[in-house]
Amino acid sequence: MKTTYVPKELLNLPSPWGMTHGMSRLAVIRRLSDNPSQVKKALNVLERCLSALLQLDISPSDSLPADMMEYWDFSASYLARKMPALDKFEMLKVQEFLVQYGINEPSETLTFDVASYWLCWVTRDIYRATLSWLRDALREAGDSPQATRFLRIVRRYYWQVDESIKQSLLLASASIGWQKALPLLKSIEHNYSTCPQLRQAAQDYQQWILGPEGKTKAVVRQTPQFVLTMAGAGD
Amino acid sequence: MDQFDQVLAELRHANQLYQSGVVAKESPIITSAKLGRQYNLGPYLTQIDPVPEGDVLYLGTDGLIHLHEVKNTAKALREKLKKHPQQLTRMLQWRQKAKDKREIRMVVGTEMGWTQVFAARSEEIAVLAILINEEVPLTIGEINLSVPRMDDLWNRAESKVHQMFAQGTWSNWNSFYQQMRTLKDTEIFLGVHLL
């Protein structure tokens, strides 16, 4: 049987990050402490996912059934139950699923295409979960070594990944790096080969950090009424 | 017509909030709140920055400032989150800035076609999954779903699908979601408590 290979970066991902079932992974992630050891693990997973995503293609092939693609989540999670970590990936499990889905004698091409699609989809899901967790754990971490490492990872991969991943990395960079992210944001804003939406987002995030007067904003509180404005790094 | 339905959904929702008694006595219900402006919600002056536009803003009887995104249908919400993911992102940032004082919510005006919250194609993530992940409650019609309830709904739907795959009783997605045309039907079909 034609087989799709799991990029080596995705093998032995630490738990819970490597769990293929998204909701199960989320339940564990929510209980994780944001101590330096966990942050280091998450940064490592993030980088491995980004590296793997450069080797995987999310575009669904024409062979994939349209209705399966429209409501993909539950099919993906069924495959995740069968293969709870990417180390457990097997083409045969994908073939079994297709039969249960109602496709008698699924072709080698179809099995390969569904397997490849699932692999990429799970990797992106792990990437998103990791990034989301890091965004909360490192919010406005600015000068910390972890934030520095995060920005280094972003700089390494940003220009190679697709638009959707770029969008999420951009926001996370602003949230985590705050002022430290400004050079990256500026370079994106002034890169005319980048799509206008991303360039605008880069500009918006710079303004968010700097404020309308081009200086880092501070929180202003006036008693007895709260004036809730955007907090600056110096808060 | 879509725009009219959208405006109607926002007004209907604002009216529902007023009727349900969740709005603090001293607070107005602001519709179409804008970035950069200050709003007086009784004891609080507030802004919605960095959210460009908020459909409904008010101070609740729970003491929290609430910001809602309202769409007339689940399909419209799905389109919004797909084409303008930054709206939710900005709302999350707004909430994060004062987590113990602020709440956000997605509102869908009608139950018709509500199962679109389960749909996701290619790089999309299903609306319901996004909201559970980000801990954003959802209102469908007049039914307020808490995040735990949404989580339960998702898990039950998933279990039902998986059971049908495993037992060989699976037909197709149309037949599956036909059993869930209303939230009431869904309660019966999935054995979940929603209403």
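What counts, and where the lines are drawn
- Residues numbered from 1 in each chain as written.
- Chains lettered and ligands numbered in written order.
- Predicted model: local features only at pLDDT ≥ 70, side-chain atom pairs only at ≥ 80, totals over all residues.
- Heavy atoms only, no water.
- Helix = DSSP H or I, 4+ residues; strand = E, 2+ residues; numbered from the N terminus.
- Rg over C-alpha atoms; globule rule 2.2 N^0.38 Å.
- Buried < 20%, exposed > 50% of the residue type's maximum accessible area, 1.4 Å probe, protein only.
- Contact = heavy atoms within 4.5 Å.
- Areas by Shrake-Rupley, 256 points an atom, 1.4 Å probe, with all protein chains shown as cover.
- Pairing = 2+ DSSP bridges.
- Axes fitted to C-alpha atoms, helices over the stretch in contact; angles between N-to-C directions.
- Buried area = accessible area lost by both parts, 1.4 Å probe.
- Salt bridge = Lys/Arg side-chain N within 4 Å of Asp/Glu carboxyl O.
- Polar contact = N/O pair within 3.5 Å; in protein donor to acceptor, adjacent residues only side chain to side chain.
- Nonpolar A, V, L, I, M, F, W, Y, C, P; charged D, E, K, R; others polar.

Draft legend 1. Representation of the overall build of chain B in the model. Summing up its helical and strand segments, chain B has seven helices and eight strands in all. For 195 residues, the compact-globule estimate of 2.2 N^0.38 gives 16 Å, and the C-alpha radius of gyration of chain B, at 17 Å, lies within 12% of that figure. With the C-alpha coordinates aligned to their principal axes, the bounding extent of chain B is approximately 60 × 35 × 35 Å. Taken across its 195 residues, chain B has 51% of its residues classed as buried. Considering only contacts in chain B between residues 6 or more positions apart, those separated by 24 or more positions represent 56%. Of the accessible surface of chain B, which amounts to about 8,800 Å², a share of 48% is contributed by carbon and sulfur atoms.

Draft legend 2. Structural detail: the sheet that holds strand 1 (residues 30-34) of chain B. Residue and element names in this part refer to chain B. Ordered in space as 1-4-5-6-7-8, the six strands form an open sheet in which the pairing is mixed. Two strands bound the open sheet, and with one partner strand each, they are strand 1 and strand 8 (143-145). Taking the axes of each pair of neighbouring strands and ignoring which way they run, one obtains an average angle of 35 degrees across the sheet. Of the strand pairs in this sheet, strand 1 and strand 4 (residues 53-59) are connected by four bridges, and their pairing is antiparallel.

Draft legend 3. Quick peek at the interface of chain B and chain A. Contacts between the two partners involve 48 residues from chain B, matched on the other side by 44 residues from chain A. Interface area, chain B with chain A, both sides summed: about 4,000 Å², of which 54% is carbon and sulfur. Together, Lys97, Phe165 and Trp173 of chain B form the three largest contributors to the area buried by chain B at its contact with chain A, with a combined 17%. Joining chain B to chain A, the criterion identifies five salt bridges. The residue Arg30 of chain A makes a salt bridge to Glu135 of chain B at a minimum N-O spacing of 3.9 Å. On the surface where chain B and chain A come into contact, there are 12 residue pairs in polar contact (both at pLDDT 80 or more). Every element with two or more residues in the side of chain B that touches chain A is listed here: strand 3 (44-46), helix 2 (74-83), helix 3 (85-97), helix 4 (127-134), helix 5 (147-167) and helix 6 (173-178) of chain B. No other element matches the nine residues that helix 5 of chain B contributes to the side of chain B that touches chain A. Tallied by class, the residues present in the side of chain B that touches chain A amount to 20 nonpolar, 14 polar and 14 charged.

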